[in-house]
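# Remarks on the overall topology
Take a look at the letters that make up each chain.
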Amino acid sequence: MSSPNSTLYLVATPIGNLQDFSPRALATLRGADRIYAEDTRHCRPLLSRFGIDTPALSFHEHNEAKREAEVLEFLQGGGSAALISDAGTPAISDPGFALVRACHEQGLRVVPIPGPCAVIAALSAAGLPTDRFAFDGFLPRKPAARRQSIESMRHEPRTLVVYESAHRILDALRDLAEILGEQRMGALAKELTKLHERIIRAPFGEILRRLEAEPELQKGEFVLLIEGAPQAADDTADRQAEQTLRLLIEEGLPTKQAAHLTARLTGAHRNPLYKRALELRGDT
Ligand code: SAM
């Protein structure tokens, strides 16, 4: 059994604005025995600015597999370690997932210290539905693979969120507008929490034209959001519920019972069916 100290902390760091560094994140980094960082050259100035002198070691995509055994051994020996990435939440399009899985498998404690994350910041501020969404990481770099990936979004009902780099943002927007249609609603969240932050919510044709017209908008870090496709299947289900309800009313069932039975038969919600049944009877 591992000692209580044997803990891996996943510490979120700012994605731009340093004031987003939470007091708990700072305290955790100060209190940990070691910090594993995606890029130690990048994190040292940030850590020293906040008076954190915890030893920092590298943990990046090229040494992740090799480092894993070392981190596990350190934790098993009673040490505590904090994992950070260059910006945002570790393990989200950044190294860490395999280490976290290994910690769970070995019965080691894993503690998230939540904070900035570009996906969530963009989603919360884009004005697209947030009740269901999917994050698809970075869009593929190669044009054919990117187009194929966008093709697969055509009928996706959930809001989709992807990361894209400045080098490819125009090409990605051209493909999105062409494949999903200029009218498909989307959003582009750029330089979140930074000086040049912009959030553009518009159909993809318009987002593309705005970026083409204003080269300054093409610079920086980006999150792209794609509104879910309207659901043809829902329309079919609605039609089925309507037909069933009409039939039961025509057969003389009382309003409440017709709504109740239709809900049971079709899986539709009972309250709207009851209202509709009243309308059909002309009782309202
Ligand atoms: N783990 C990070 C997180 O929690 O957001 C993401 C790391 S991923 C390697 C970096 C990508 O996230 C960038 O290329 C960009 O697409 C997005 N990103 C990071 N910071 C951003 C910001 N301030 N504004 C917009 N997008 C950002």
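Reference entry: report on the structure contained in this document. In this text, all values refer to a predicted model and were calculated from it rather than measured experimentally. (Residues numbered from 1 in each chain as written. Predicted model: local features only at pLDDT ≥ 70, side-chain atom pairs only at ≥ 80, totals over all residues. Heavy atoms only, no water.)

## Re the sheet that holds strand β8 (residues 185-190)
Spatially, β6-β7-β10-β8-β9 is the arrangement adopted by the 5 strands of the open sheet, whose pairing is mixed. Two strands lie at the open edges of the sheet, namely β6 (133-138) and β9 (198-203), each paired on one side alone. Going from strand to strand, the sheet's axes swing by 15° on average, the running direction of each strand aside. Of the strands in this sheet, β8, β9 and β10 (222-226) touch helix α8 (residues 204-213), which is tilted by about 135° from β9. (Pairing = 2+ DSSP bridges. Helix = DSSP H or I, 4+ residues; strand = E, 2+ residues; numbered from the N terminus. Axes fitted to C-alpha atoms, helices over the stretch in contact; angles between N-to-C directions. Contact = heavy atoms within 4.5 Å.)

## Some details on the sheet that holds strand β5 (residues 109-113)
Spatially, the 5 strands line up as an open sheet ordered β3-β2-β4-β1-β5, and their pairing is parallel. Looking along the sheet, the strands with just one partner apiece sit at the ends: β3 (56-58) and β5. For this sheet the average axis-to-axis angle between neighbouring strands, irrespective of direction, equals 25°. Where helix α3 (residues 64-76) meets the sheet, it contacts β1 (7-11), β2 (34-37), β3 and β4 (80-84), and its direction lies at approximately 160° from that of β2. In this fold helix α4 (residues 97-105) packs onto β1 and β5, with an angle of close to 150° to the strand it touches most, β1.

## As for the packing of aromatic side chains
Evaluated as defined, the whole model comprises 4 aromatic pairs. Measuring from centroid to centroid gives 5.0 Å for phenylalanine 135 and tyrosine 163, while their planes differ by 65°, and the two rings are edge-to-face. Here tyrosine 163 lies in strand β7 (residues 159-164) and phenylalanine 135 lies in strand β6, a separation of 28 residues in the sequence. Above the plane of the ring of phenylalanine 74 lies arginine 34, whose end atom (NZ or CZ) is 3.8 Å from the centre. (Phe/Tyr/Trp six-rings, centres within 6.5 Å; stacked < 30°, edge-to-face > 60°. Lys NZ or Arg CZ within 6 Å of the ring centre and 35° of its normal.)

## Quick word on the side chain of arginine 168
As for its placement among the helices and strands, arginine 168 is situated in the loop between β7 and α7 (169-180). Within the structure, arginine 168 has its side chain in polar contact with the side chain of glutamate 164 (distance 3.5 Å). When sequence neighbours within four positions are dropped, the list of residues in contact with arginine 168 reads Arg141 and Arg146. (Polar contact = N/O pair within 3.5 Å; in protein donor to acceptor, adjacent residues only side chain to side chain.)

## Here's the deal with the pairing of β7
Taken across its 6 residues, β7 has 6 buried, putting it largely inside the fold. Here β7 shows a buried face lined by Thr159, Val161 and Tyr163 and a second buried face lined by Leu160, Val162 and Glu164. Strand direction decides the pairing type here: β7 and β10, joined by 5 bridges, are antiparallel. The residue bridging tyrosine 163 from the neighbouring strand is valine 223, located in β10. (Buried < 20%, exposed > 50% of the residue type's maximum accessible area, 1.4 Å probe, protein only.)

## Side note on unusual backbone geometry
Unusually for a residue other than glycine, alanine 91 sits at a positive phi of about 75°. Along the polypeptide, alanine 91 turns up in the loop between β4 and α4. Of note in the backbone geometry, threonine 193 takes a positive phi value of approximately 70° without being a glycine. The residue threonine 193 is located in the loop between β8 and β9 in this model.

Structural measurements only, silent on function.
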